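Chain by chain, the residues:
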Amino acid sequence: MDLRIFTEPQQGATYDTLLAVAKATEDLGFDAFFRSDHFLSMGSGDGLPGPTDAWLTLAGLARETRRIRLGTLMTAGTFRLPGVLAIQVAQVDQMSGGRVELGLGAGWFEQEHKAYGIPFPKEKFARLEEQLAIVTGLWETKPGDTFDFHGTYYDLTDSPALPKPAQSRIPVLIGGHGASRTPKLAAKYADEFNIPFASIEDSERQFGRVRAAAEAAGRKADDLIYSNALVVCVGKDDQEVARRAAVIGREVDELKADGLAGSPSEVVDKIGRYAETGSRRIYLQVLDLHDLDHLELISSQVQSQLS
């Protein structure tokens with residue numbers, strides 16, 4: 001089971017804070033540092049000092065880390081034109097020496113679009129299908145050839161399809177709870193399917209849908225990696241768990257029911273139950289980015305039991 005650190009910087013974080021978390025992620029032996037792609041805080045927080053851009057952040061981290069994978073859960077398709085996104089991600093992949101992964105979703109948070117003047121189209125999922133075809137098609141075009149795409153929402157003619165990533169194939173993550181269209185899209189384009197904030201039972205059900213869709217599309221179901229994203233809150237004892245839960249404004253019972261919370265042994269046990277669904281990777285949503293002791297505890301007392 002791979003453990004990856006997943007951050008929500010729109011809730012309030014500077015680049016320096018994210019850099020400290022990314023370096024701790026690397027030093028403590030975690031597999032990857034991922035971040036969300038949002039421009040507006042959610043909930044009651046003020047979001048100070050303001051948002052940071054996902055791909056600008058990852059470009060910086062690409063030069064200041066050596067080993068960990070870097071990526072997004074999920075880049076919002078509404079924020080960037082697909083041709084521009086393909087260039088950005090390929091460049092960051094080059095800057096990192098081939099350590100980038102792209103999670104791409106349709107976009108959903110209408111309020112942040114209104115706050116920053118970003119169009120919020122009605123047909124987001126259909127656009128996402130075209131975006132995936134374009135981004136992957138540009139990367140797969142052989143040097144010297146050109147790429148064309150003529151869709152409902154995007155039109156590309158004689159693109160040189162440059163630059164190329166450092167990796168022969170940048171892993172693409174698709175995720176969500178949709179019962180039909182999402183599994184089919186994952187079967188066509190994804191290297192990894194991620195389900196966010198889902199129960200063990202819902203994860204098993206959704207993974208089954210994706211596996212069936214992959215086989216129907218002529219792929220082996222095990223060609224995809226299956227993963228979860230879950231909020232994490234671990235403590236050496238009940239008092240430490242309660243303290244960490246209070247800092248992020250959550251209740252311990254709710255976190256234990258819906259996330260990974262409790263003592264290291266409790267969390268290891270629950271991760272094991274997710275593993276039984278076929279999950280091979282957990283994105284640990286870390287909400288207090290200043291509590292690096294939390295990461296150290298997870299590394300020494302949870303990750304050490306899973307490796």
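Please read all numbers here as calculations on a predicted model, not as lab measurements.

(A) Local environment of the overall build of the protein. Tallying secondary structure elements over the protein gives 11 helices and 12 strands in all. The C-alpha atoms of the protein give 19 Å as radius of gyration, which agrees with the globular expectation for 307 residues (19 Å, within 12%). Overall, the C-alpha framework of the protein stretches about 60 × 45 × 35 Å when taken along its three principal axes. For the protein, contacts bridging at least 24 residues in sequence account for 72% of all contacts bridging at least 6. Counting every atom, the protein has about 13600 Å² of accessible surface; 50% of that belongs to carbon and sulfur. Here the protein contributes 33 positive and 44 negative side-chain charges, whose respective centroids are spaced 4 Å apart.

(B) Just the packing of aromatic side chains, in detail. Enumeration over the complete set of coordinates arrives at 6 aromatic pairs. Relative to Phe-109, the ring of Trp-108 lies with its centre 5.1 Å away and its plane at 25 degrees, an arrangement referred to as stacked. Members of the aromatic cluster, each reached through a chain of ring pairs, are Phe-39, Phe-79 and Tyr-116.

(C) Fine view of helix H10 (residues 264-275). Here H10 is 12 residues long and its end C-alpha atoms lie 16 Å apart, about the 16 Å a rise of 1.5 Å per residue gives. All buried positions along H10 are accounted for by Pro-264, Val-267, Val-268, Lys-270, Ile-271 and Tyr-274. For H10, the buried positions fall inside an angular range of 165 degrees around the axis, keeping them on one side.

(D) Summary view of the packing of helix H2 (residues 54-64) against helix H3 (residues 82-96). Packing of H2 against H3 leaves a shortest axis separation of 8 Å and a crossing angle of 15 degrees. In terms of orientation, H2 and H3 fall into the roughly parallel class. Here H2 and H3 pass one another in a crossing that is left-handed. Of H3, the residues touching H2 (which contributes Trp-55, Leu-58, Ala-59, Ala-62 and Arg-63) are Leu-85, Val-89, Val-92, Met-95 and Ser-96. When grouped by side-chain class, the residues that make up the contact of H2 with H3 number 8 nonpolar, 1 polar and 1 charged.

(E) Quick peek at the pairing of strand S12 (residues 281-286). With 6 of 6 residues buried, S12 lies mostly within the body of the structure. Because side chains alternate across S12, one face comprises the buried residues Arg-281, Tyr-283 and Gln-285, and the other comprises Ile-282, Leu-284 and Val-286, equally buried. Examined bridge by bridge, strand S1 (residues 2-7) and S12 share 6 bridges and lie parallel to one another. Bridge assignment links Asp-2 to a residue of S12, and that residue is Arg-281.

(F) The arrangement of the side chain of His-38 in detail. By the secondary structure assignment, His-38 is in the loop between strand S2 (32-35) and H2. Overall, the relative accessible area of 11% leaves His-38 in the buried class. Within polar-contact distance, the side chain of His-38 engages the side chain of Glu-112 at 2.9 Å. Aside from chain neighbours lying at most four places away, what touches His-38 is Glu-8, Gln-10, Pro-51, Thr-52, Phe-79, Trp-108, Phe-109 and Glu-112.

Parameters and conventions
Residues numbered from 1 in each chain as written. Predicted model: local features only at pLDDT ≥ 70, side-chain atom pairs only at ≥ 80, totals over all residues. Heavy atoms only, no water. Helix = DSSP H or I, 4+ residues; strand = E, 2+ residues; numbered from the N terminus. Rg over C-alpha atoms; globule rule 2.2 N^0.38 Å. Contact = heavy atoms within 4.5 Å. Areas by Shrake-Rupley, 256 points an atom, 1.4 Å probe, with all protein chains shown as cover. Lys, Arg positive; Asp, Glu negative; His and termini not counted. Charge placed at Lys NZ, Arg CZ, Asp CG, Glu CD. Phe/Tyr/Trp six-rings, centres within 6.5 Å; stacked < 30°, edge-to-face > 60°. Expected span 1.5 Å × (residues − 1). Buried < 20%, exposed > 50% of the residue type's maximum accessible area, 1.4 Å probe, protein only. Arc of directions from axis to C-beta. Axes fitted to C-alpha atoms, helices over the stretch in contact; angles between N-to-C directions. Parallel < 35°, antiparallel > 145°, perpendicular 65-115°, else oblique. Left-handed = near helix turned anticlockwise from the far one by under 90°. Nonpolar A, V, L, I, M, F, W, Y, C, P; charged D, E, K, R; others polar. Pairing = 2+ DSSP bridges. Polar contact = N/O pair within 3.5 Å; in protein donor to acceptor, adjacent residues only side chain to side chain.

That is the geometry; function is a separate question.
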